Amino acid sequence: MSAGIFYHTSASAQEEVNIYSYRAPELIKPLLDAFQKETGIKSNVVFASKGLAERIKAEGENSPADVLLTVDIGRLQGAEELGVTQPLNDPEINKHIPANLRDPDGNWFGLTTRARVIYASRDRVKQDKVTYEELADPKWKGRICTRSGQHVYSIGLIASMIAHHGEDETKKWLEAVRDNLARKPTGNDRAQVKAIFAGECDIALGNTYYMGKMQTNEKDPEQKEWAASVRILFPNSDDRGSHVNISGVALAKYAPHKENAIKLMEFLASPEAQSIYAAQNFEYPVLPGAKASERVQSWGNLKPDTVAIDQIGDLRKKASQLVDIVGFDNGPAN
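Residues numbered from 1 in each chain as written. Predicted model: local features only at pLDDT ≥ 70, side-chain atom pairs only at ≥ 80, totals over all residues. Heavy atoms only, no water.

Novice: Pulling in residues and values, what's your account of helix 2 (residues 52-59)?
Specialist: Among all positions in helix 2, only Leu52, Ala53 and Ile56 are buried. Relative to the axis of helix 2, the buried residues are bounded by an arc of 105 degrees and lie together on one face. Phi turns positive one or two residues past the end of helix 2, at glycine 60, with a value near 60 degrees. (Buried < 20%, exposed > 50% of the residue type's maximum accessible area, 1.4 Å probe, protein only. Helix = DSSP H or I, 4+ residues; strand = E, 2+ residues; numbered from the N terminus. Arc of directions from axis to C-beta.)

Structure follows, in C-alpha cells:
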C-alpha cells in the first residue's frame, strides 16, 4: 500500500468521524470544512491511492474507519465483496441519490458522476456528434488513442457496451476499435489529449474531469495548450446517453462513530455538498436537477446513460476477459 497521509480539520469539538479516502485531501477539504461548520463534527482523514479497503479488512473489528470515500464502481463493489461495508437504508440519502447510482442493498452510494467521452481534435475532426459504436468504423483507422483496456475507466465503458449489446457484439466491436488505434494503448487520459495535440491521433477516450484539470493547470501550463486543441463530444447523446461512472461513499462495517458517519453521508448527498463536490472535482452532481459548475457546463450537455451502475459493476469481469481475449492492449492487429 502506498504511504498514507493523515490529517484532520482543526476543531475544539469532541465529536469526530474517521474517513479512509482514495480521493486526495485537497479535493475533499472544502466539503469537510462545510460539514464541520454545520455540525461541529471534525473529520480525521487517512488518504492513500490504493489498499484502503484491504486495510479495513486487516484491521477487522478494531478498524477506526467510519466511512470509505472512493472513485469507480469497481472499487466500491470491491469493498463490498471484501466485507468491509455495511448496508444503510437512509431515507434522506435515498431521496437525493437516484436508484441507478446506488447499491440496491445500500452498501454504497454515488456522490458525483464523470462521463467517458471523446476528446476530438478541433483542427482534424469536424463532426459534432459521435457514438461509441462508431469507434469501430474503418473511417477512424489509425486515428484513435486510448489508455489500457484493463484500466478501471476502460473496463467500465466496455462493461456498459456488454450491458447494451451483449458479449458477442461487444467482442466484435472491441476488435474493430483495437484495429482503429493509432498506437498501443499507453499512458493516462491526459496523455491521450497530449497525443492529439502532437498529431499522433485525432480522437481519444477520456473522462470529462480531465478537461477541467488541464484547463486550470498552473504547475504544467502546457496542459492548457493540450486542452485547447480538443473539444469534448458526448457519445450517444441522441439515444441512450454517455457512459458515466461514479465517485462514492460506503459506511464501514465496524464504524465506531456510526451516527456521525451517517450524518456525514447525509451531508455529502445534500444539495449544498453536491454543489461543492462537483465544482471542486469538475464532475457532475448526482442530485437530480442540480447543476454542474459553469466550466463543466461549458463543455456541452451531458445526457447520462441510465443503466444501473451496479449492473456495470457486475459485468466488469466479463469486460476484462474480453480485453485479454482480443489482445486489445497489443494494439492494431494489422
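Novice: Describe the packing of aromatic side chains, naming the residues involved and giving the relevant values.
Specialist: Under the criterion given, the structure shown has two aromatic pairs. With a centroid separation of 5.5 Å and 45 degrees between ring planes, the pair formed by phenylalanine 35 and phenylalanine 267 is classed as tilted. Residue phenylalanine 35 is found in helix 1 (residues 25-39), and its partner phenylalanine 267 is found in helix 10 (residues 258-268); the two are separated by 232 residues along the sequence. With respect to burial, phenylalanine 35 and phenylalanine 267 carry one shared label: buried. Across from the ring centre of tyrosine 22, 4.5 Å away, lies the NZ or CZ of arginine 75, which sits over that ring. (Phe/Tyr/Trp six-rings, centres within 6.5 Å; stacked < 30°, edge-to-face > 60°. Lys NZ or Arg CZ within 6 Å of the ring centre and 35° of its normal.)

Novice: Any chance you could break down the side chain of asparagine 18 for me, citing the residues and the numbers?
Specialist: With respect to the secondary-structure elements, asparagine 18 resides in strand 2 (residues 16-21). If we skip the residues at most four places from it in the chain, asparagine 18 touches Asn44, Pro64, Ala65, Asp66, Val67 and His257. (Contact = heavy atoms within 4.5 Å.)

Novice: Residues and numbers for the side chain of threonine 112, please.
Specialist: Relative to the helices and strands, threonine 112 is located in strand 5 (residues 109-121). Looking at threonine 112, its side chain comes within polar contact range of the side chain of serine 247, at 2.5 Å. Excluding anything up to four places from it in sequence, threonine 112 contacts Arg23, Asn245, Ile246, Ser247, Tyr277, Ala278, Glu283, Tyr284 and Val286. (Polar contact = N/O pair within 3.5 Å; in protein donor to acceptor, adjacent residues only side chain to side chain.)

Novice: How would you sum up the state of the cysteines? Please name residues and give values.
Specialist: Counted according to the given criterion, the structure contains one disulfide. Note on cysteine connectivity: cysteine 145 is disulfide-linked to cysteine 201, with sulfurs 2.2 Å apart. With the S-S bond torsion at -115 degrees, the cross-link from cysteine 145 to cysteine 201 turns out left-handed. Remark: cysteine 201 occurs in the loop between helix 7 (189-197) and strand 7 (203-207) and cysteine 145 occurs in strand 6 (residues 144-145); sequence separation between them is 56 residues. Judged by its relative accessible area of 2%, cysteine 201 falls in the buried class. (Disulfide = S-S within 2.5 Å.)

Novice: Can you tell me about the confidence of the model for the chain, naming the residues and giving the values?
Specialist: Averaged over every residue, the pLDDT of the chain is 93; the share at 70 or more is 96%. In the model, residues 1-13 has pLDDT below 50 throughout and makes 36 contacts with residues more than four positions away in sequence or in other chains. (pLDDT = per-residue confidence, 0-100.)

Novice: Could you give me a rundown of the pairing of strand 4 (residues 67-71), with the residues and numbers involved?
Specialist: Of all five residues in strand 4, five are buried; the element is thus mostly enclosed. When strand 2 meets strand 4, the two strands line up parallel, connected through three bridges. Directly across from isoleucine 19, in strand 4, lies its bridge partner valine 67. As judged from the five bridges shared by strand 4 and strand 9 (residues 244-251), these two strands associate in the antiparallel manner. When the sheet's bridge partners are listed, threonine 70 is paired in strand 9 with glycine 248. (Pairing = 2+ DSSP bridges.)

Novice: A description of the packing of helix 6 (residues 167-179) against helix 14 (residues 316-325) should follow, citing residues and the corresponding values.
Specialist: It is the contact of helix 6 with helix 14, at a shortest axis distance of 10 Å, that shows an interaxial angle of 40 degrees. Relative to helix 14, helix 6 is oriented oblique. The handedness of the crossing between helix 6 and helix 14 comes out as right-handed. Touching Glu167, Thr170, Lys171 and Leu174 of helix 6 are Lys318, Leu322, Val323 and Ile325, all from helix 14. Across the contact of helix 6 with helix 14, the residue classes tally to four nonpolar, one polar and three charged. (Axes fitted to C-alpha atoms, helices over the stretch in contact; angles between N-to-C directions. Parallel < 35°, antiparallel > 145°, perpendicular 65-115°, else oblique. Left-handed = near helix turned anticlockwise from the far one by under 90°. Nonpolar A, V, L, I, M, F, W, Y, C, P; charged D, E, K, R; others polar.)

Novice: Can you lay out the pattern of salt bridges for me, pointing to particular residues and giving the numbers?
Specialist: In total, this model carries 20 salt bridges according to the counting rule given. The shortest N-O distance in the salt bridge between glutamate 133 and arginine 240 comes to 2.7 Å. Taken together, the positions of glutamate 133 in the loop between strand 5 and strand 6 and arginine 240 in the loop between strand 8 (230-233) and strand 9 put the pair 107 residues apart, joining distant regions of the chain. Its relative accessible area of 25% is what places glutamate 133 among the partly exposed residues. Since its relative accessible area comes to 18%, arginine 240 is described here as buried. Among the ionic pairs, arginine 147 bridges to aspartate 189, the shortest N-O distance being 3.1 Å. Here arginine 147 is found in the loop between strand 6 and helix 5 (152-165), whereas its partner aspartate 189 is found in helix 7, with 42 residues between them in sequence. Summarising the burial analysis for this pair, arginine 147 and aspartate 189 share the class buried. (Salt bridge = Lys/Arg side-chain N within 4 Å of Asp/Glu carboxyl O.)

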